[in-house]
Amino acid sequence: MNNRNILLNNNPITSLHSAKQGFKPLYGIEVKNEICPLCGFKHTILPLEETIAVGFGNALLTKNSECIYSEIDARCCNDYLTVAQAEELADADPNQDWRIHLIAPFSELHYQRQGKRHWVLYEKREGFA
């Protein structure tokens, strides 16, 4: 088990934060210091003006692992959801585990909402191609 898992499981700050939010916040993938996540902490956030779409692949908005929006279901580009629109939905029900998944051929990015207007990159992969 690495230090990040030890901190997640035993950190009273994380536990208190989880109880308040109703879900377990995930660490951003760019934590500078795995021993002390609050020391020199930084992470990547998804800008609100971004469109939740990848073109070839799929982009999703989920709430507690349930799909709320899928790029594949959009009829045209005008139907694509933006991060700002996802934020409005999440702000109406903030104590849930909201996530945005951008799955493209050469890049796969996963974000979790961890507070108002704050979508944190928690996982990055190479994509499906």
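Residues numbered from 1 in each chain as written. Predicted model: local features only at pLDDT ≥ 70, side-chain atom pairs only at ≥ 80, totals over all residues. Heavy atoms only, no water.

> Before we go on, may I ask you to explain the sheet that holds strand 1 (residues 58-63) in this structure?
The pairing of strands in a sheet happens through backbone hydrogen bonds and is either parallel or antiparallel. Spatial ordering of the open sheet is given by 2-1-3-4-5, a layout of 5 strands whose pairing is antiparallel. If you trace the sheet from one side to the other, it starts and ends with strand 2 (66-70) and strand 5 (119-125), each paired once. Pairwise comparison of adjacent strand axes, ignoring direction, gives a mean angle of 25° for this sheet. Two elements, strand 4 (residues 108-113) and strand 5, share 6 bridges in a ladder whose sense is antiparallel. Along strand 5, the bridge assignment pairs Leu 109 with Lys 124. (Pairing = 2+ DSSP bridges. Helix = DSSP H or I, 4+ residues; strand = E, 2+ residues; numbered from the N terminus. Axes fitted to C-alpha atoms, helices over the stretch in contact; angles between N-to-C directions.)

> I would appreciate a short explanation of the pairing of strand 1 in the present structure.
Regular strands have side chains that alternate between both faces of the sheet. With 5 of 6 residues buried, strand 1 lies mostly within the body of the structure. Relative to strand 3 (residues 98-103), strand 1 runs antiparallel, the two being bridged by 6 bridges. Bridge assignment links Ala 59 to a residue of strand 3, and that residue is Leu 102. What sits between strand 1 and strand 2 in their antiparallel hairpin is a turn of 2 residues, with Asn 64 showing a positive phi close to 50°. (Buried < 20%, exposed > 50% of the residue type's maximum accessible area, 1.4 Å probe, protein only.)

> I tried to follow helix 3 (residues 83-92) on my own but got confused; where do I start?
For an α-helix, the turn length of 3.6 residues means that residues three or four places apart are oriented alike. Along helix 3, the positions that sit buried rather than exposed are Val 83, Ala 86, Glu 87 and Ala 90. Seen end-on, helix 3 carries its buried residues on one side only, within an arc spanning 105°. Structural note: helix 3 exposes Glu 88 and Ala 92 on the side pointing more than 90 degrees away from its buried face. Where the residues of helix 3 are buried, they touch strand 1, strand 3, strand 4 and strand 5. (Arc of directions from axis to C-beta. Contact = heavy atoms within 4.5 Å.)

> Would you explain unusual backbone geometry in this entry?
Backbone geometry follows two general trends: most residues other than glycine have a negative phi, and most peptide bonds adopt the trans configuration. Phi at Ser 65 is positive, roughly 70°, even though this residue is not glycine. Structurally, Ser 65 is set in the loop between strand 1 and strand 2. Given the relative accessible area of 72%, Ser 65 is considered exposed. Even without glycine at this site, Arg 117 takes up a positive phi of about 60°. By secondary structure assignment, the location of Arg 117 is in the loop between strand 4 and strand 5. With relative accessibility at 54%, the residue Arg 117 sits in the exposed group.

> Sorry if this is basic, but what is going on with the pattern of salt bridges here?
A side chain of one charge can pair with a side chain of the opposite charge if their charged atoms are brought near each other. Within the structure shown, the criterion is met by 7 salt bridges. Measuring nitrogen to oxygen at the nearest pair gives 2.6 Å for the salt bridge that ties Arg 113 to Glu 87. Taken as a pair, Arg 113 in strand 4 and Glu 87 in helix 3 lie far apart in primary sequence, 26 residues in all. Each member of the pair Arg 113 and Glu 87 is classed as buried. Residue Asp 91 is joined to Arg 113 by a salt bridge in which the shortest nitrogen-to-oxygen separation is 3.6 Å. Here the residue Asp 91 occupies a position in helix 3, and Arg 113 occupies one in strand 4, the gap between them amounting to 22 residues. Overall, the relative accessible area of 34% leaves Asp 91 in the partly exposed class. Three or more residues are tied together by salt bridges with common partners; here these are Glu 87, Asp 91, Arg 113 and Lys 116. (Salt bridge = Lys/Arg side-chain N within 4 Å of Asp/Glu carboxyl O.)

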